[in-house]
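Each chain, written out:
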Amino acid sequence: MTIYPVPSKWAAKAKIDAARYEAMYGEAASDPDSFWRREAQRLEWMTPFTKVKNTSFDETDFGIKWFEDGALNVAANCIDRHLAERADAVAILWEGDSPGEERRITYRDLHEEVGRLANALKANGVRKGDRVTIYLPMIPEAAFAMLACARIGAIHSVVFGGFSPDALAGRIQDCDSSLVITADEGLRGGKKVPLKTNVDEALARCTSVSRVLVVKRTGGDVRMKDGRDIWYHDALRAVSADCPPEAMDAEDPLFILYTSGSTGKPKGVLHTSGGYLVWASMTHEYVFDYRPGDIFWCAADVGWVTGHTYVVYGALANGATTLMYEGVLNYPDFSRFWQIVDKYQVDIFYGAPTALRALMREGDEWVKKTSRKSLRLLGSVGEPINPEAWEWYYRVVGEERCPIVDTWWQTETGGTMMTPLPGAHALKPGAASMPMFGVKPVIVDAEGCELGGATEGNLCITDSWPGQMRTVWGDHERFFQTYFSAYPGKYFTGDGCRRDEDGYYWITGRVDDVINVSGHRMGTAEIESALVAHAKVAEAAVVGYPHDLKGQGIYAYVTLNANEVESAEVRADLVQWVRHEIGPIATPDVIHFSPGLPKTRSGKIMRRILRKIAENDVSNLGDISTLADPSVVETLIASRAVDA
Ligand code: WTA
């Protein structure tokens, strides 16, 4: 493995060099109050805080509070604060699905748009603390909507536009949203996504929603329900742009974002105002070595946490120009990303390994025919990046000039937790490397014993950081149980991790029943419950398996009801069914018809064995003698070739 030392230019110029990293990391660890008191000054507080950190992961006095007696408004920090100096600077650079379609929104425009929408929300009955569901494509209105909620203290829940009506309905119901903001249709790679129709279907089941604001994106023909649906532009026309920001306590909720866990339905991860924004702003500045005037492009959808923290909140808190791209990487062709980089002279590009692998497969020419001279830094997020994709990114895209920050974090963590910092750490391809300031990682074994030195095990964090989630919406007990009960006193990440002899951290992937498909996080349990909801299915077990492009693919073992016949039609029907129940991102790659599943005598499905068979690694299945019927394993191995 090649190690890339910090280029001398970066060591000399970066905000954080090796010595500064050590000093800041040390201070944040030993004197968090001083460190965070200072870092929190990056924001404008309406009421200054006096208390900094009040947190405990122990069951007896469990609680997480940061800057608790301070008040601020997140939208004012992302907009108003910049008006004195940067009113005419571009806040959002929007590139549409088709080349040639673009919008440039200055901070002055953003102030006006967000103020108007905030007033429109109020006029439609939304009050501080109410929940608003946002189901929009990657258009500037998605950012306006998030910020308008923040401005009036409403809690937004953004639902990714690729989720099905069922998934959307579940998320609306769980948090009792009173208003939904959507668009007539989305546009991706020239294809239309029927967002409004999906909302209609979802709302047939949700009684809490009394208003739907509909952005006209494509002008497609949609049905507007009298008394419920209003065109976004009409709602805005009826109100003024002047909306004073609401003073929010630091611990008042900012947003809910649903994410998959190893059990049950998706959890509403709740982030609050003060700590989250300090964390988003700080990590955006230090991780990307962000400088005023940089064009920053985070290619994630705002439907995921990466889009929340780096397309919107972190970037705008820092007064940056954030690029928002509506489309896909291969439309009109595989050069599109790099054409956009050239068009807007992007300085910093932040994308997902799955996209890089898809681009790499198409060959270097698509990249090489563009200039990319403006790029200074590259980032990776969402899943482990395999060294081949890393090297390609580094050599072909960045021409060995741009360091790569491989940022490990989670919806729950609010922002980057581990990464190499470009001016401080030598790069090892595939390593999440070093913890951010205030992050105290430990690796534990199955019993929870902390392992020292070079080692491998489960990754926990022993102390709170400001960007940490505060609860699961509506289920605080589940929050504690999910993250703090496996290893008492520690936050358990659900990830496996290795620490090498230089102290670098390497994320090895999830150790629970969560899989990461094209950087999208999914619970195997969710896909299983979708499958068993099908009339022909008796039982299902889903596992991940290595997939060249997606990182992990979805492998579903399905047992049909006794009178059903396995066929290609049923298989296709099941695939369609899951797409309909959850959304296209959950499309199973393999349906393996299984007359029986390997179970213990107490009836527990042995997933370890199912994973091995899916990986086609059947040489060492371990002890199968405890199975109720060991012969099912032979049957599955024999039928794998047929199905997979
Ligand atoms: C995985 C996305 C390796 C990890 C920000 C984590 C990564 C899950 C990396 C969270 C990375 C994210 N290297 N693995 N750089 N980044 N992961 O909540 O398994 O969508 O637990 O947050 O993605 O996914 P989530």
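Residues numbered from 1 in each chain as written. Predicted model: local features only at pLDDT ≥ 70, side-chain atom pairs only at ≥ 80, totals over all residues. Heavy atoms only, no water.

Turning to the UniProt feature "domain: AMP-dependent synthetase/ligase" (unreviewed entry) in the protein chain, a few remarks are in order. According to UniProt, the positions carrying the feature "domain: AMP-dependent synthetase/ligase" (unreviewed entry) are residues 80–463. For residues 80–463, the helix share is 32%, the strand share is 23%, and the end-to-end C-alpha distance is 33 Å. (UniProt positions renumbered as here; feature names shortened; annotations may be inferred. Helix = DSSP H or I, 4+ residues; strand = E, 2+ residues; numbered from the N terminus.)

Splitting the protein chain by domain gives domain 1 (105–249) and domain 2 (518–639). Taken together, the seven residues of domain 1 in the interface contact seven residues of domain 2. Regarding the contact of domain 1 and domain 2, the summed buried area is about 530 Å², with carbon and sulfur atoms giving 50% of it. Contact with domain 2 buries area across many residues of domain 1, yet Phe163, Ser164 and Asp166 alone supply 53% of it, more than any other trio. (Domains from an automatic or database assignment. Contact = heavy atoms within 4.5 Å. Buried area = accessible area lost by both parts, 1.4 Å probe.)

A few words now on the site of the ligand. Around the ligand, a shell composed of 17 residues is seen, among which Asp406, Thr407, Thr411, Asp495 and Arg521 lie nearest. Between the ligand and Gly382, the relevant distance is 3.1 Å, taken from a nitrogen atom to a main-chain nitrogen or oxygen of the residue. Contact distances for the ligand include 3.4 Å between a nitrogen atom and a backbone N or O atom of Glu383. For the shell around the ligand, the elements supplying multiple residues, two or more each, are α12 (305–317), β20 (404–407) and β26 (505–510). Class assignment of the residues belonging to the shell around the ligand gives a composition of six nonpolar, six polar and five charged. (Near = heavy atom within 4 Å. Polar contact = N/O pair within 3.5 Å; in protein donor to acceptor, adjacent residues only side chain to side chain. Nonpolar A, V, L, I, M, F, W, Y, C, P; charged D, E, K, R; others polar.)

The alternating pattern of strand β28 (residues 520–523) places His520 and Met522 on one face and Arg521 and Gly523 on the opposite face, and all of these are buried. Adjacent in sequence and paired antiparallel, strand β27 (residues 514–517) and β28 are bridged by two residues, among which Ser518 carries a positive phi angle near 50°. (Buried < 20%, exposed > 50% of the residue type's maximum accessible area, 1.4 Å probe, protein only. Pairing = 2+ DSSP bridges.)

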